[in-house]
Amino acid sequence: YPVTMAAVNTGEPQEGECFQKIAVAYDAILDANVLSAQDKRSIEHTFRLYLQRIETILDVGNVGNWNVAADTAGLFCSLAMGDLSAAHRYLYGPCGFEDYVTKGVMDDGWWWEGATSYNFWVASELTQSALACRPWGIDLLHREFPANFSPKTIITPWALNPSYGMSFEKWGPNHRNTRSVKQLWDAVPVVADYRGIAFGMNDGHEEQIGGSPMELAYYAFRDPAYVPLIKAGGERDLIYGVPELPKVSAKPYLQSDVAENLGFALLRSQTTNRPPRDQIEAVFKIGTQGGYHGHFDRCSLDAIMRYGRSFWNAERIWWGYGNFMYKFYVQNSVNHNMVVVDQLQQEAVPSSQLLFYSGKMMQVSAQETNARWSDPPYGGMVYGSQDSGGAVNSLSALMEKNRQSFPLVTNRAWGELGPFGDRVLQRRLGIVTDDYIVIDDYLKAKKPHTFDDLFQMTGFESLSAPGKKFLRHDAQFSADPRTSAQFITDCNWYQADAPALGRFKMEFDDEKEWHGGFNELNEPGVLNLDVRSLWPQHQEIMLAQPPENLGGQQWVHYQVSADGKTLAQGDSGMWVLGAVNIDVPVTDSKQLTLKITVSGGDKKTLFLANARMVSADGKETLVTAASATENVESTAKPGQGYYGEPIKIAGEPYAAAIPAQPKNAKEPGLIRISLAGKNAVRFKATLGGNYPFGTESQHRRVYAIRSHGAEAHFLTVIEPYEDKPMVKSAGAADADSLRVELADGRVQEIKVENFTGNGKNILVQLTESRDGKVLRQESTLAGAGAGK
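These remarks concern the structure in this document. (Residues numbered from 1 in each chain as written. Predicted model: local features only at pLDDT ≥ 70, side-chain atom pairs only at ≥ 80, totals over all residues. Heavy atoms only, no water.)

**Considerations on the overall build of the chain**
Counting secondary structure elements, the chain contains 12 helices and 40 strands. For the chain, whose C-alpha radius of gyration is 29 Å, the value lies close to the compact-globule estimate of 28 Å for 788 residues. Counting only C-alpha atoms, the chain reaches 95 × 85 × 45 Å along its principal axes. Every one of the 788 residues in the chain was classed for burial, and the buried ones make up 58%. Taking as baseline every contact in the chain between residues at least 6 positions apart, the subset at least 24 positions apart corresponds to 74%. Looking at the chain as shown, the accessible area adds up to about 30,300 Å², and 49% of this sits on carbon and sulfur atoms. (Helix = DSSP H or I, 4+ residues; strand = E, 2+ residues; numbered from the N terminus. Rg over C-alpha atoms; globule rule 2.2 N^0.38 Å. Buried < 20%, exposed > 50% of the residue type's maximum accessible area, 1.4 Å probe, protein only. Contact = heavy atoms within 4.5 Å. Areas by Shrake-Rupley, 256 points an atom, 1.4 Å probe, with all protein chains shown as cover.)

Encoded structure:
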């Protein structure tokens, strides 16, 4: 370490975790007479070097997960050396333990970065720090620190005026004047389902928090509220597990809850005669943006879970921190379940929980934001040499590193956020009943816009609607290379009248499920989702392909020659996009040769599509096969991809395409096409990667309902079910009234009032009847109010 000044080859969180483990190991064997005096001097010298290095990370006072890792390691090293003066710095100095508790913990007990997984990790770090201090007579476990009410968590200049649209502030109300480590744990039990699985938010995915993760909390605080979650995990922790756990009857996984700072409304159906696995769980999100790890999705549907299965999580399409897609798609609005404006990115601004209600018949949440919209940071994030992306000096170089291309523009700098448009008021009302979910959206602006109500679905089965008519096929959701929408391809648009029914079937089977993100905690089986769009009356509906990270991206060098003369050449990263159009003169030529060299590419995807010879009179003759090839893969059937799928390149389907993938990636592939006697003057074709590849049934789909104008209203019913649907039919008399007929003869009518006005006194009423006789009713009036 004194030579390399690095213990690991990644960033500071991993460096800090490494030194934490080294300090623990050193402390564990210090009195075992296995270390010489020189060993101790060398180890403690290394600790001192590490403490010097992390000062540059800590002394600015920023509060984030990197700093927590470094500070915890600094504290562990100091205590292992018995240096209480050094330990004092990591407890009470800038960016020390006290700062994390008072500045990083929000009023609702959640960590400000907004990713649920970071909350559990920071809670663990701070709890272990407090436990480490206990033998020295320092009790931090039970100490309440005065809250720091400044919204600022990151205070360096780039955070005060960030270039990527991020916010490093804490949002939401404050009801408590103190903060503690325990508050981080107290927030946790309610978010886990009956299996101990918590939904994911922002740069987080579903997380197993039942069992071992909560053992540490119970060991430290002995709070019986943590016990149900420990027992849900099924396994005990050998280090922190307390042998005898008390008997508790609480079932927090059955409750609905709201966290106004982290910004979620967790709605769970309250049916008492059904097992917990049958309970519908839906999460609606506003909340603190979370800085680097935050997503641009206020007023979004963050999760639906039922039967131990989840339809989506925020890392379901994941490209990693070093990829331009991280901030150019993954975190952006079009990758979420929300209404987007003009296919742009929503501004991150403080938002409001207008209503939270938990009753017996329904659970209700109403949320609001008033944001501007812009292009996302063009080309994603510009990293420095020590960050996740590595050192590259241009966007084109990053494309080559990622092996993915998209069109470059000259009127937008790398990482530059596009200009903001006018502000758009946006509200989302969520209702969870025993059998289905209702989503009511309202948007209002001063100028006309295009509004798309997006759902990120899987396993498209069918689309039915009165007056359904195919409108058009678009290669991309947007062809503008400055937007995230360019990466959504193969878009089929339909015209329809309400009610429109889209049916989706998710099969949780490792052999069938194709995905490039995190989705590993689902129970085997099926989750069906029926999406019924009840308003507007006249609709445009889109089904399209989002850019899943399936692998297969390749950096391709191509050279086109005729009779030994080079006519065209270039490079491109071929994946979802990156296709190149070849158009070369071939007058009097006898043979055309395409030479392809690839770098990367763990899948077979390359094709020469729509190849054709053009005669002098403009007539085009399709070329469906090569005259000869060298080192080129073949397909099982003409017109099919290498895995038997349809061929689609940059969102365009092709009935005819010539295989172009080199068999041996270390050698070029050669495609020869005879021109002799063809009277061709030009040769044209598209060279690109087939996407998606493999079995398409379980690929994701972007399902969109579109509306135009200065105002928009959407009304949607979603039913998640395992076998047979309970919803027989659903319709809407207007944008705020709907009627749902159930398979057992019950009819439920829902009426929403005051949703489009000033947002005050929003009222939801549910009436259930059978054969015209009212069975029961419920209204939010009895318990209305934010946070109630």
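**Examining unusual backbone geometry**
Here the bond from Ala498 into Pro499 is cis, since omega is 0 degrees, no more than 30 degrees from zero. Its place among the elements puts Pro499 in the loop between strand E19 (489-497) and strand E20 (500-508). Put simply, Trp535 and Pro536 share a cis peptide bond, and its omega is 10 degrees. Its place among the elements puts Pro536 in the loop between strand E21 (525-535) and strand E22 (538-545). For Cys95, which is not glycine, the phi dihedral falls at a positive 60 degrees. Within the secondary structure, Cys95 sits in the loop between helix H4 (84-92) and helix H5 (97-104).

**Some thoughts on the pattern of salt bridges**
All told, the structure shown has 42 salt bridges when counted by the stated rule. For the salt bridge of Arg236 with Glu215, the shortest nitrogen-to-oxygen distance reads 2.5 Å. Taken together, the positions of Arg236 in the loop between helix H10 (227-233) and strand E5 (257-259) and Glu215 in helix H9 (residues 212-221) put the pair 21 residues apart, joining distant regions of the chain. Residue classification places Arg236 among the partly exposed positions, given a relative accessible area of 38%. Each of Arg274, Asp278, Arg306, Asp434, Asp435, Asp744, Arg746, Glu768 and Arg776 takes part in salt bridges that share partners, so that together they form one network. (Salt bridge = Lys/Arg side-chain N within 4 Å of Asp/Glu carboxyl O.)

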